[in-house]
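# Residue-level structural notes
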Amino acid sequence: MTTTSPEAPEAPEVPTAPEETIAGARERIDVLDDRIIGLIQERMAVSAVVQQTRITSGGRRVHLSREMEILGRYREALGKPGTPLAMTLLELCRGRI
């Protein structure tokens, strides 16, 4: 005769304290911010190459129709706040005009 052992009940999930949740989320935000900053710095470097190439070839440093495309892309993806974000990004990459 075989006896089956009853399954051990699963331990109930221990709720995470709000402080732990917040601390973990803040750590993740810090990691994301570091990545965003790195990407912005990379974008600035690529933008400098584009500007220098334009100037060297006799063109203008800034291409306004391209900037309008970028503004539209950020506005479409992020809503109204996307426009000032894109403007700040463009200013970081090309300087003030």
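Provided above is the structure to which this section pertains.
Now for a look at the structure at hand. (Residues numbered from 1 in each chain as written. Predicted model: local features only at pLDDT ≥ 70, side-chain atom pairs only at ≥ 80, totals over all residues. Heavy atoms only, no water.)

## Here's the deal with the overall build of the protein
Looking only at helices and strands, one finds three helices and zero strands in the protein. For the protein, the sequential pattern of α-helices and β-strands runs α-α-α. Burial analysis of the protein (97 residues in total) assigns 13% to the buried set. Considering only intrachain contacts with a sequence separation of at least 6, the fraction spanning at least 24 residues in the protein is 48%. Taken as a whole, the protein presents about 8,400 Å² of accessible surface, with 60% of it coming from carbon and sulfur. (Helix = DSSP H or I, 4+ residues; strand = E, 2+ residues; numbered from the N terminus. Buried < 20%, exposed > 50% of the residue type's maximum accessible area, 1.4 Å probe, protein only. Contact = heavy atoms within 4.5 Å. Areas by Shrake-Rupley, 256 points an atom, 1.4 Å probe, with all protein chains shown as cover.)

## What about the environment of glycine 95?
Note that glycine 95 resides in the segment after helix 3 (82-94). Under the relative-accessibility criterion, glycine 95 is labelled partly exposed at 25%. Distance from glycine 95 to valine 62, taken between C-alpha atoms, is 9.8 Å for residues 33 residues apart in sequence. When sequence neighbours within four positions are dropped, the list of residues in contact with glycine 95 reads Arg61 and Leu90.

## Some thoughts on helix 2 (residues 64-78)
Here helix 2 is 15 residues long and its end C-alpha atoms lie 21 Å apart, about the 21 Å a rise of 1.5 Å per residue gives. Of the residues making up helix 2, those classed as buried are Glu67, Ile70, Leu71 and Gly72. Buried residues along helix 2 sit against helix 1 (18-56) and helix 3. (Expected span 1.5 Å × (residues − 1).)

## Describing the pattern of salt bridges
Inspection of the entire model under this criterion finds three salt bridges. A salt bridge links arginine 66 to glutamate 69, with the shortest nitrogen-to-oxygen separation between them at 3.4 Å. Of this pair, arginine 66 and glutamate 69 both sit in helix 2, three residues apart, which is roughly one turn of the helix. Between glutamate 67 and arginine 94 there is a salt bridge, and its shortest N-O distance comes to 2.6 Å. Highlighted residues: glutamate 67 in helix 2 and arginine 94 in helix 3, separated in sequence by 27 residues. Across the pair, arginine 94 and glutamate 67 agree in class, each one buried. (Salt bridge = Lys/Arg side-chain N within 4 Å of Asp/Glu carboxyl O.)

Read these as spatial facts, not as claims about activity.
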